Amino acid sequence: MSEQTAQPAYLTELEKVINNVIAPAAVEIDASASFPRAALDALGQAGLLGLISSPEVGGLGQAHRAAAQVVECLATECASTAMVVCMHYCATAAIEAFGPRAVREEIAAGRHVSTLAFSESGSRSNFWAPVSTATPVAEGVRLDAHKSWATSAGQADSYVWSSRAIAVEGQSSVWLVPASSKGLSIPAPFNGLGLRGNYSSPVIGEGVVIPAENLLGTDGGGADVMLGVVLPYFQVMNAACSTGIMEAATNKAVTHVSGTELTHTGQSLADLPTVRAYLARMRIKTDQARALLQDTVTALKTGRADAMLRVLEVKAAAGENANEVTDLAMRVCGGAAYRKEVGVERHFRDARASTVMAPTADALYDFIGRVLCGKPLFD
Ligand SMILES: Cc1cc2nc3c(=O)[nH]c(=O)nc-3n(C[C@H](O)[C@H](O)[C@H](O)COP(=O)(O)OP(=O)(O)OC[C@H]3O[C@@H](n4cnc5c(N)ncnc54)[C@H](O)[C@@H]3O)c2cc1C
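Just so we're clear, the structure is a prediction, and the values are computed from it rather than from any experiment.

A count of helical and extended segments in the protein gives eleven helices and ten strands. Its C-alpha atoms give the protein a radius of gyration of 21 Å, near enough to 21 Å, the size a compact globule of 379 residues would have. Taken along the three principal axes of its C-alpha coordinates, the protein extends 80 × 50 × 45 Å. Classification of the 379 residues of the protein by burial places 51% in the buried group. For the protein, restricting intrachain contacts to residue pairs at least 6 apart in sequence, the fraction spanning at least 24 positions comes to 73%.

What follows is the structure in structure tokens.
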């Protein structure tokens with residue numbers, strides 16, 4: 001029997017949306033820093049916003065491998081859209097595990113976009129230690145926070161939102177906050193170096209009152225949601241985003257050097273051994289990242305003993321590789337890359353987010369070192 005299996009229907013749908021909607025808009029989304037609303041509408045209609053939602057609520061019932069594959073495909077064309085979808089799937093994972101059925105059904109139907117509001121001005125990238133508050137009030141729970149970044153800020157329908165726990169000292173809780181809640185504000189639009197369409201603005205919450213049943217999990221159980229449920233999804237999808245960016249930059253660099261002639265010698269840039277060696281390094285780094293990504297999702301699916309180590313490694317490795325690969329793409333494409341005509345400078349800028357997105361690469365090195373030395377992740 002052939003080892004080849006038919007492509008899942010959702011990937012065929014994804015290809016159509018990418019070709020018809022996402023790829024044609026990618027340059028303009030970057031240039032104008034606009035939110036990829038048309039992409040989300042099309043992905044929703046194709047069922048792809050419900051990719052990891054349970055079939056019980058109308059979703060496609062997929063998990064880490066499919067989520068990573070979708071995000072990688074999106075990132076080869078538009079990393080801004082890929083990051084918006086990455087954060088939507090992260091939030092969906094938490095809502096699927098602990099959220100209300102009505103919201104789960106809306107997500108599966110492609111009518112509800114969600115995102116994470118974990119990072120805070122106080123604890124910065126150390127999202128596992130929120131300093132914002134949750135206070136019981138007569139109508140439910142009052143949330144006050146200075147969230148420093150939330151992808152899709154002002155565009156999502158809900159935020160998966162961390163705070164200190166109400167009753168458990170030193171622990172955290174996670175809430176589902178409707179974007180329509182009074183007291184939410186966005187102080188300034190996002191104007192970033194890369195991922196310019198992902199709308200990662202700060203979100204301020206002042207006296208935001210939500211129903212007490214919007215607690216995701218238990219009071220004090222925030223780590224179970226943030227690290228147990230969301231982190232594996234975030235790590236593999238962030239790595240997939242980096243891999244898609246690397247793939248695009250490598251392909252564009254090959255196309256450019258193959259089609260660019262030095263007329264005085266009659267050779268193309270691809271005839272230069274130094275250029276070809278750089279391309280080889282880019283290909284190796286891209287394939288390394290993808291191989292580690294595939295191994296990580298296999299480790300997660302089979303419950304392998306090293307699954308959490310792989311989860312920690314995969315984003316750090318792919319993020320570093322993406323920085324290197326897009327740097328090399330800029331080098332081999334020369335001054336032409338410094339302008340926008342070759343198209344690799346967008347990938348160069350987009351790649352830079354991964355190592356500073358939390359857990360940052362440096363935080364991951366500390367965590368991985370702790371695992372290697374048999375120490376707990378947190379003191
Ligand atoms: C494009 C983009 C989209 C984002 N989207 C979201 C989102 O949807 N939701 C969300 O919650 N957040 C989001 N973030 C925020 C992100 O996850 C990080 O929290 C943020 O980038 C950290 O920036 P900072 O200036 O606070 O970094 P800082 O925490 O100030 O870090 C500065 C430096 O200190 C190092 N450092 C800090 N703490 C440690 C540590 N414990 N160990 C080792 N080194 C450390 C860092 O590695 C870094 O080099 C997004 C960020 C970007 C860039």
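Moving on: the pairing of strand β4 (residues 158-164). Along β4, seven of the seven residues are buried, which leaves the element largely enclosed by surrounding structure. Bridging between strand β1 (residues 114-117) and β4 involves four bridges; their strand directions are parallel. Looking across to β4, one finds that Ser114 is bridged to Ser158. As paired strands, β4 and strand β5 (residues 172-178) are joined by seven bridges and run antiparallel to one another. Bridge pairing in β5 links Tyr159 to Val177.

Here the focus is the sheet that holds strand β8 (residues 215-216). The sheet built from four strands is open, its strands ordered β1-β4-β5-β8 with mixed pairing. Unpaired on one side and paired on the other, β1 and β8 mark the two borders of the sheet. Where helix α4 (residues 79-98) meets the sheet, its contacts fall on β1, β4, β5 and β8, and the angle it forms with β1 comes to roughly 90 degrees. Each of β1, β4, β5 and β8 touches helix α6 (residues 222-258); the most contacted strand, β5, lies at about 75 degrees to it.

The rules we used
- Every chain begins its residue count from 1, and numbering advances along the sequence as written.
- Given that the model is predicted, a residue must reach a pLDDT of at least 70 before its local features are reported, and side-chain atom pairs must reach 80 or more before they are shown or counted; all residues, however, enter totals for whole chains, interfaces and linings.
- Labels follow the DSSP assignment, with helices taken as runs of H or I lasting at least four residues and strands as runs of E lasting at least two, numbered in each case from the N terminus.
- With C-alpha atoms as the basis for the radius of gyration, the globule rule is written as 2.2 Å multiplied by the number of residues raised to the power 0.38.
- Partly exposed residues are those falling between the two cut-offs: more than 12 but fewer than 20 other C-beta atoms within 10 Å of their own, whereas 20 or more means buried and 12 or fewer means exposed, with C-beta atoms placed from the backbone.
- Any pair of residues counts as being in contact when their C-beta atoms, constructed from backbone geometry, are within 7 Å of one another.
- A pair of strands is labelled paired if DSSP reports no fewer than 2 bridges between them.
- Note on geometry: axes are lines fitted to C-alpha atoms, helical ones only across the stretch in contact, with angles between N-to-C directions running from 0 to 180 degrees.

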